[in-house]
Amino acid sequence: MIPPRFLLLQVREPGDPMAANEAFAFRRALGLQPDQLEVFDLLAGAPALSLLRSADAVLIGGSGDHSVVRGGPWLAGALGAMERLYEHSVPTFASCWGFQGLAKALGGRVVTDHARAEVGVLPLDLTEAGERDPVFGPIGSGFPVVIGHEDIVDELPEGAVSLASSSTIENEALRFVGKPIYATQFHPELVKEDLIQRIAAYPPYLPLTGARSLDELRAMTPETPGAAGLLRRFVAEVVERV
């Protein structure tokens, strides 16, 4: 059996150390060899449809300081790529910025709301749809995840179903009915130590965690043992069945 190949769409400035960290985290979570993951940065332009369809599945990651709300000259091309992923039913799993980008591209509403920002490790609960879902159902409610965002998906696109929520945010994960596409506001690819590295790379986010130092953040942050299982079940239940 030929191992599946993945394409990771990033939104990272040149020299951002978290670009390599993000690729490593997805490879670790999915148990991939380096040659199974190709990386394309959306800041450089829109990927060709042939590239999007060349992979067995597309992954969309987070971003450093970029927002689908604030936009930029690259955003239209990035959102257009997400429209093509949907139109051509390309198996896709998006996290963080990717969750917001998919929602925006397909007609949802995304807002910036600092009062509802979530940074750190938080427990999420499954919706009824999430409990029935083959990818999310096995994780159970109250599962901890690494999360970091101040842009909020307030309204899902037509055809999207909410799979998880937090105490303050209604839409923390989604899937599209009839499409092999999932997305999460959180980072199933990251573990506790990855969060520490992210906050060290982006210091302005430290106060949002409630910690006063990286050492305090490390001491107060639990592990997230079940999160990567979402990505592995996505491969088993979605990618390998397409």
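The rules behind the values
Residues numbered from 1 in each chain as written. Predicted model: local features only at pLDDT ≥ 70, side-chain atom pairs only at ≥ 80, totals over all residues. Heavy atoms only, no water. Helix = DSSP H or I, 4+ residues; strand = E, 2+ residues; numbered from the N terminus. Expected span 1.5 Å × (residues − 1). Buried < 20%, exposed > 50% of the residue type's maximum accessible area, 1.4 Å probe, protein only. Contact = heavy atoms within 4.5 Å. Polar contact = N/O pair within 3.5 Å; in protein donor to acceptor, adjacent residues only side chain to side chain. Core = buried A, V, L, I, M, F, W, Y, C linked by side-chain atoms within 4.5 Å.

Chemist: I'm lost on helix H1 (residues 17-30) in this one. Help?
Modeler: Note that an α-helix has 3.6 residues per turn; residues three or four places apart therefore point the same way. With 14 residues, H1 should cover 20 Å at 1.5 Å per step; its first-to-last C-alpha distance of 21 Å lies within 8% of that length. When H1 is considered as a whole, its buried residues turn out to be Met-18, Ala-19, Asn-21, Glu-22, Ala-23, Ala-25, Phe-26, Ala-29 and Leu-30. For H1, the elements touching its buried residues are strand E1 (6-11), strand E2 (37-41), strand E3 (57-63), strand E4 (92-95), helix H6 (192-201) and helix H8 (228-237). Two or three places before Met-18, at the opening of H1, Asp-16 has a side-chain oxygen 2.8 Å from that residue's backbone nitrogen. Of the residues one or two after H1, Gly-31 is the one with positive phi, at around 65°.

Chemist: Explain the nonpolar core here, please?
Modeler: Among soluble globular proteins, nonpolar side chains are generally buried collectively. Phe-6, Leu-59, Phe-136, Phe-143, Tyr-182, Phe-186 and Phe-234 are the most contacted members of the largest nonpolar core, which totals 32 residues. Those elements that place two or more of their residues in this core are E1, H1, E3, strand E6 (118-126), strand E7 (143-149), strand E9 (160-165) and H8. Ranked by residues supplied to this core, first place goes to H8 with five residues. Residue contacts for Leu-59: discarding those within four places in its chain leaves Phe-6, Leu-7, Leu-8, Leu-9, Phe-26, Leu-30, Leu-37 and Phe-93. Grouped together as the second largest cluster of nonpolar side chains are 31 residues, Leu-51, Val-58, Ala-103 and Ile-181 included.

Chemist: How do you make sense of the environment of His-187 when you look at a structure like this?
Modeler: Inspection of the secondary structure puts His-187 in the loop between strand E11 (181-184) and H6. Taking the relative accessible area as the measure of exposure, His-187 reaches 5% and is therefore buried. Remark: the alpha-carbon pair of His-187 and Ala-29, spanning 158 residues in sequence, is separated by 11 Å. Residue contacts for His-187: discarding those within four places in its chain leaves Gly-62, Ser-95, Cys-96, Val-146 and Arg-198.

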